[in-house]
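Take a look at the letters that make up each chain.
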Amino acid sequence: ARAMGHRGMMEGSSRGGRRRRRCLACAALCAALLLFAAGLCVGFMHVAQDDTRSHARGLWGVHGARELFASHVADNACHQSCFVDKQCTCLREIAVVQEVRQLFEESRRKKADLGIGAAADRAAPHAEETAAAAQLEGLAPLAIKIEVCNGLINQRIALLEGIALGVILGAQVLLPVHMPFNGVELPKQPTRTMDRNLQRLERMFDLDALQAGATELYRDHWCKRSDEPASKTWCHGFQRPALLYGNATEAMEDAISILGRKRRNVLSLQWGAGAKSEALSVLEAAQREFYAGVANLGGDAGSPHVLLDLGCTLFSLAVDETTESWSIFWRLHRHLKHEPDVREQAAAVKAHLASLGVAAQEKAATFGFAAPPLEGGAPGYNVLHLRAEEDWQHHCEAWMGLRDGYHRDNCMNNTMLVHNVLLSEGVHPGVPLYIATGLTRAELSAVRIEGPLGSPGLVGLQPLFELFTVALKEDVIDLHPSWATEQREFYAAVDYELAQGSRTFVGNSVSSFSAFIIIDRYRHSRPSLHYNGGNIPLAEDFVKPVKSLSVPTLRQPLKWVFALNVNNASDVSNTFWEMTKVAVISAKRQTDLVAVCVTTAPPTSPVAQWLVGHGVRVIYHRPTWADELVQRVESKVAEENMRSHLSLDPDAMLGTFLRIEVPVLGLLDEFVLYTDVDVMFTGHVDWDVILGQDKYSALRGSTDFARGKGLSGGGRAGEGGLPRYFSASSEMQKSRLPGMLNAGVMLLNMRALRESYDAFRHFIFSSSSLDWPAGPGDQGAYKTFYSETSVTWSWRKGRLTTCTPIASFLPFELNWKTYWPRNDFARIIHFHGPKCQSDIIPYKTRAEVTMPVFKGILEDCAGNGDCYRLCEEFFRYLGGG
């Protein structure tokens with residue numbers, strides 16, 4: 001019992017001790033957290049030990065931050081509005097102003113000491129300090145030090161924005177000494193463990209040219225502002241260089257380190273992380289306080305120097321076309337040139353591309369393309385910046401997963417379909433194509449996109465090489481095995497030089513490299529596009545033009561897409577081929593629609609050549625399910641031939657089913673107009689016609705799918721407006737009821753149909769038949785799958801299930817039937833059912849009915865219909881084609 005009692009006392013004592021220790025630990029943790037939070041509130045600057053470059057950082061740290069914060073929150077009014085002397089608007093401004101003010105207080109005391117002879121009692125400065133003070137004469141009174149980070153274009157932006165801040169503030173800029181030549185970012189590998197291969201900044205850029213341009217800009221900027229204090233530095237008297245770089249930066253850093261440790265007339269403040277969004281306001285507060293201090297000291301003589309160490313200045317300035325920052329930024333950009341080594345390598349690749357011009361034209365001619373127009377007396381070349389490397393795939397996975405309020409959906413889009421993007425956007429295969437990428441030719445042939453952003457079943461970019469005459473760096477430059485890492489930014493600079501001189505630039509808009517070039521080319525009205533579609537993040541917030549460069553939701557002119565499966569041995573297919581010609585020729589004469597054909601015809605076939613020769617942008621595509629569909633049609637002919645006349649012809653059925661592939665072939669448009677090939681255009685077709693002027697005007701201002709605006713909308717079934725999935729008009733009788741729709745003319749919501757493609761395809765091919773409750777064939781599949789189901793009860797029939805297609809309404813004039821009365825306002829005539837060659841003319845001339853199912857329609861044609869007149873117009877187009 002005693003033992004047990006003793007053990008119990010010991011356990012109780014132990015438990016009590018543990019509780020006390022836990023309480024003390026909690027109290028210490030809470031105190032630490034409070035102190036840390038207080039420091040963070042104004043932790044704009046901090047004291048750091050001398051690093052490898054012997055920098056003297058700020059003159060106060062956590063203790064000063066706590067004191068300043070305490071005095072700040074003690075004043076309730078100041079706590080509420082967060083200002084100092086009614087000038088500063090945030091805590092970071094309070095912090096920097098406090099530092100500058102403290103520096104000038106010390107300078108005033110030093111001046112007062114000198115006035116009463118106290119200087120005699122001071123120790124003479126060491127030789128090191130004397131040399132440092134002499135070096136400091138080259139430093140402007142107010143200066144900023146900047147760094148660069150990430151890849152080449154982000155480094156360029158950091159340099160330009162840092163110098164632009166210097167211009168706006170009237171501050172001299174100390175450029176970084178080094179830059180990373182390997183700016184790759186792999187989220188799964190800590191960047192601090194990566195070999196960045198730091199190189200001197202002048203190894204990449206011509207800093208002398210930048211210095212000359214920047215100094216001229218400073219002078220122009222500040223000579224227009226002669227009443228402001230900074231004009232004395234940049235417009236009058238001793239002309240300091242606008243920039244310090246290379247050895248000059250290193251020497252100045254050493255001098256500041258020496259004098260800063262001794263508190264000798266110089267203050268070096270370090271910028272804090274996460275403060276970039278407030279950069280300009282904070283720096284302007286420092287500038288105001290600085291020049292106020294200079295004035296109080298009685299002029300520049302003896303004034304201290306303030307150096308603000310900003311770190312990497314990427315995205316530290318809002319560059320907006322509506323503000324002065326835009327012109328400053330791009331003027332500096334004009335003077336930021338690459339070193340001769342970069343330009344020489346780019347020139348060698350350009351020469352190689354020029355030598356490919358004839359071969360590219362000859363290859364394109366086999367597809368039906370005429371020679372491209374010359375540009376400056378030469379065919380030139382195009383550039384495709386293709387991001388498919390491993391680091392980019394990891395980046396996209398992380399970037400798309402961010403939940404920060406921005407719309408993110410286009411990082412890897414169309415990577416494996418880039419050849420279709422080029423063809424559908426009119427990029428001419430007769431112009432040599434340079435691919436700017438971190439992959440070799442062998443790697444491009446085997447590339448695949450894995451993970452949640454992947455392209456299942458697609459491996460390699462072989463179609464791109466088959467359709468275009470392609471050049472890569474490796475074709476000209478003897479690349480080191482580690483070029484893609486150790487010299488990554490050097491070769492990115494070569495790619496940049498090539499992109500600047502290209503006829504058309506195509507890139508990935510999420511990439512800063514591509515986005516920057518697209519924005520720059522916008523300024524010069526030079527053609528560019530982004531193959532991934534959607535928005536351009538860099539242009540949304542950071543380098544912002546007045547005009548949106550995203551793919552417009554209501555793109556004008558519209559793309560008109562049709563599908564064609566051609567078999568020259570089939571009479572039905574020959575009939576449809578003639579109708580295709582009429583559709584193409586009439587669209588070209590009557591509209592400004594951009595014609596795009598999805599066809600199973602080979603690129604060198606007469607059909608494909610004819611289409612290309614008549615301005616159609618052709619996508620060569622045979623679906624993986626094509627053979628299965630043909631076999632299924634052949635096996636079901638006897639069963640279904642009375643439900644649809646197309647069931648007699650497997651080739652025609654494949655042609656109509658091709659439409660389900662349209663959303664997944666890489667077209668950039670949010671909406672396209674699809675028609676069957678048996679149409680004839682008789683008038684202009686645009687968004688005003690489709691939506692009506694009022695609705696078009698309203699939607700144009702409120703809908704922007706690229707930014708996520710309006711994505712959840714979509715017109716109700718049977719009503720006008722943008723469709724949730726597709727819009728269509730009526731079948732044989734004029735009706736707005738969705739169940740009566742005809743799929744011969746459709747407005748396709750490409751995004752919604754792309755997202756539902758896998759499920760729709762599974763629905764079609766998991767069925768044992770091609771006949772659905774809403775009808776046979778592809779039209780029945782659309783009406784059944786994209787529908788809302790409702791259940792009603794009848795005392796006679798019991799439970800009734802109704803499927804209502806989720807289809808918006810297209811005006812009748814966009815799908816006007818030949819057997820309806822004449823309508824001079826019709827824009828698209830649909831030869832629905834009977835065709836001129838095989839049905840209407842034989843009936844007119846010989847009263848012959850070739851297909852019994854058409855007898856009633858042919859009788860309508862002979863009565864109130866307009867078939868005969870429209871067939872005459874049809875044959876005029878055909879004869880002139």
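Computed from a predicted structure; not experimentally measured.

Trainee: Give me the lowdown on the overall build of the chain, citing residues and values where you can.
Mentor: Across its full length, the chain carries 33 helices and 28 strands. Looking at the chain as a whole, 53% of its 881 residues qualify as buried. Taking the contacts inside the chain whose residues are at least 6 apart along the sequence as the reference set, 74% of them involve residues at least 24 apart. Carbon together with sulfur atoms contributes 53% to the accessible area of the chain, which is approximately 38600 Å² in total.

Trainee: How would you summarise the packing of helix H19 (residues 488-500) against helix H20 (residues 512-523) if you had to cite specific residues and measurements?
Mentor: In contact at an axis separation of 11 Å, H19 and H20 are set at 25 degrees when each is read in the N-to-C sense. Regarding the angle of H19 to H20, the classification is roughly parallel. When the axes of H19 and H20 are compared, the crossing they make is right-handed. Contact with H19, carried on its side by Ala492, Asp495, Tyr496, Ala499 and Gln500, involves Phe513, Phe516, Ile517, Asp520 and Arg521 of H20 and no other residues of that element. The class makeup of the residues in the contact of H19 with H20 is six nonpolar, one polar and three charged.

Trainee: An account of helix H32 (residues 855-862) is needed here, citing residue identities and associated values.
Mentor: Listing the buried residues of H32 in full gives Ile857, Leu858 and Cys861. Across the axial projection of H32, the buried residues extend over an arc of 100 degrees, all falling on one side. On its buried side, H32 packs onto helix H31 (836-846) and helix H33 (867-880).

Trainee: Which residues make up the pairing of strand E15 (residues 559-564), and what values go with them?
Mentor: Among the six residues of E15, six are classified as buried, and the element is accordingly described as predominantly covered. Residues of E15 alternate between two faces, with Lys559, Val561 and Ala563 on one and Trp560, Phe562 and Leu564 on the opposite face, all of them buried. The pairing of E15 with strand E16 (residues 594-599) spans six bridges and is classified as parallel. Bridge pairing in E16 links phenylalanine 562 to cysteine 597. Sheet topology places E15 next to strand E18 (residues 671-675); two bridges connect them, and they run parallel. Note that in E18 the partner of valine 561 across the bridge is tyrosine 674.

Trainee: Let's hear about the side chain of glutamate 147: which residues, and what values?
Mentor: Tracing the sequence through the fold places glutamate 147 in strand E1 (residues 142-147). Note on glutamate 147: relative accessible area 18%, which makes it buried. In this structure the side chain of glutamate 147 is engaged in a polar contact, spanning 2.4 Å, whose partner is the side chain of lysine 145.

Trainee: Explain the pattern of salt bridges to me, and be specific about the residues and the numbers.
Mentor: A complete count under the given rule lists 32 salt bridges for this structure. Of the charged contacts, one joins aspartate 475 and arginine 441 as a salt bridge, the two residues approaching to 2.8 Å between their closest N and O atoms. With aspartate 475 in the loop between strand E11 (470-471) and helix H18 (483-486) and arginine 441 in helix H16 (residues 441-446), this residue pair connects regions lying 34 residues apart in the sequence. Here aspartate 475 falls in the partly exposed class, since its relative accessible area comes to 31%. For glutamate 489, the salt bridge identified is with arginine 488, shortest N-O distance 2.8 Å. One network of salt bridges, with partners in common, ties together Arg387, Glu389, Asp391, Arg488 and Glu489.

Trainee: Quick one: what's the story with the sheet that holds strand E10 (residues 433-436), residue by residue and with numbers?
Mentor: Taken in spatial order, the five strands of this open sheet run E11-E10-E9-E12-E13, and their pairing is parallel. Lying at the two open borders of the sheet, with one neighbouring strand each, are E11 and strand E13 (528-530). In this structure, strand E9 (residues 382-385) lies alongside strand E12 (residues 505-507), joined through two bridges in parallel fashion. Pairing of leucine 384 across the sheet is with valine 506, part of E12. Each of E9, E12 and E13 touches H20; the most contacted strand, E12, lies at about 145 degrees to it.

Trainee: Explain the state of the cysteines residue by residue, including any values.
Mentor: Considering all chains together, one arrives at five disulfides under this definition. Each sulfur in the disulfide pair cysteine 223 and cysteine 235 lies 1.9 Å from the other. Around the S-S axis, the bridge from cysteine 223 to cysteine 235 shows a dihedral of about 115 degrees and counts as right-handed. In this pair, cysteine 223 is assigned in helix H7 (residues 207-223) and cysteine 235 in the loop between helix H8 (231-234) and strand E5 (243-244), connecting sequence segments 12 residues apart. Bridging cysteine 836 to cysteine 871, the disulfide has an S-S length of 2.1 Å.

Trainee: An account of the sheet that holds strand E28 (residues 828-830) is requested, with residue identities and associated values reported.
Mentor: A sheet is described by the order of its strands in space; here three strands give the open sequence E19-E28-E27, paired in mixed fashion. The outermost strands of the open sheet, each flanked by one partner alone, are strand E19 (679-681) and strand E27 (816-817). Here E27 runs beside E28; their pairing, made up of two bridges, is parallel. Considered in E28, the bridge of tryptophan 816 is made with isoleucine 829. Contacting E19 and E28, H33 runs over the sheet at an angle of about 80 degrees to E19.

Trainee: I'd like a rundown of the confidence of the model for the chain, residues and numbers included.
Mentor: A low pLDDT means the predicted coordinates there should not be read in detail. For the chain, per-residue confidence averages 82 on the pLDDT scale, and 77% of positions sit at 70 or higher. Contacts for the low-pLDDT stretch residues 1-15, under 50 throughout, to residues beyond four places or in other chains number zero contacts. Between residues 114-122, whose pLDDT stays under 50, and residues either more than four places distant or in other chains, the model counts four contacts.

Trainee: Go over the packing of helix H6 (residues 152-169) against helix H11 (residues 324-335) with me, naming the residues and quoting the values.
Mentor: Their axes nearest at 9 Å, the elements H6 and H11 cross at an angle of 120 degrees. By the angle between their directions, the pair H6 and H11 is classed as oblique. Crossing of H6 against H11: the hand is right-handed. Across the interface between the two elements, Arg156, Ile157, Leu160, Glu161, Ile163, Ala164, Val167 and Ile168 of H6 pack against Ile328, Phe329, Leu332 and His333 of H11.

Trainee: Any chance you could break down the nonpolar core for me, citing the residues and the numbers?
Mentor: Grouped burial of nonpolar side chains is what soluble globular proteins tend to show. Residues Leu611 and Trp687 are the most contacted members of the largest nonpolar core, which totals 100 residues. Residues in contact with tryptophan 687, not counting those within four places in the same chain, are Leu554, Arg555, Gln556, Leu558, Phe671, Gly692, Tyr696, Leu722 and Leu747. Core analysis: the next-biggest nonpolar cluster, separate from the first, contains 88 residues, Val167, Val173, Leu201 and Val349 among them.

Trainee: I'd like to hear about the side chain of serine 511, residue by residue, with values.
Mentor: By secondary structure assignment, the location of serine 511 is in the loop between E12 and H20. When neighbours within four sequence positions are excluded, serine 511 is seen to be in contact with His385, Arg387 and Trp392.

Trainee: Go over the environment of leucine 753 with me, naming the residues and quoting the values.
Mentor: Mapped onto the elements, leucine 753 comes out in helix H28 (residues 750-755). Once residues lying within four places of it in the same chain are set aside, the contact partners of leucine 753 are Pro663, Tyr725, Leu748 and Tyr786.

Trainee: Quick rundown of H11? Include the residues and the values.
Mentor: In this model H11 runs 18 Å from its N-terminal to its C-terminal C-alpha over 12 residues, within 8% of the 16 Å that 1.5 Å per residue would give. Those residues of H11 that are buried are in contact with H6, H7, strand E8 (319-320), H19, H20 and strand E14 (543-544).

Trainee: Describe unusual backbone geometry, listing the residues and the values that go with them.
Mentor: Here the bond from glutamine 556 into proline 557 is cis, since omega is 0 degrees, no more than 30 degrees from zero. Following the sequence through the fold, proline 557 ends up in the loop between E14 and E15. In this model, asparagine 414 sits at a positive phi of 65 degrees, which is unusual for a non-glycine residue. Its place among the elements puts asparagine 414 in the loop between helix H14 (390-400) and helix H15 (418-424). Residue asparagine 414 is classed as buried on the basis of its relative accessible area, which comes to 18%. Backbone geometry places alanine 847, a non-glycine residue, at a positive phi of 55 degrees. Looking at the secondary structure, you find alanine 847 in the loop between H31 and H32.

About the thresholds
Residues numbered from 1 in each chain as written. Predicted model: local features only at pLDDT ≥ 70, side-chain atom pairs only at ≥ 80, totals over all residues. Heavy atoms only, no water. Helix = DSSP H or I, 4+ residues; strand = E, 2+ residues; numbered from the N terminus. Buried < 20%, exposed > 50% of the residue type's maximum accessible area, 1.4 Å probe, protein only. Contact = heavy atoms within 4.5 Å. Areas by Shrake-Rupley, 256 points an atom, 1.4 Å probe, with all protein chains shown as cover. Axes fitted to C-alpha atoms, helices over the stretch in contact; angles between N-to-C directions. Parallel < 35°, antiparallel > 145°, perpendicular 65-115°, else oblique. Left-handed = near helix turned anticlockwise from the far one by under 90°. Nonpolar A, V, L, I, M, F, W, Y, C, P; charged D, E, K, R; others polar. Arc of directions from axis to C-beta. Pairing = 2+ DSSP bridges. Polar contact = N/O pair within 3.5 Å; in protein donor to acceptor, adjacent residues only side chain to side chain. Salt bridge = Lys/Arg side-chain N within 4 Å of Asp/Glu carboxyl O. Disulfide = S-S within 2.5 Å. pLDDT = per-residue confidence, 0-100. Core = buried A, V, L, I, M, F, W, Y, C linked by side-chain atoms within 4.5 Å. Expected span 1.5 Å × (residues − 1).

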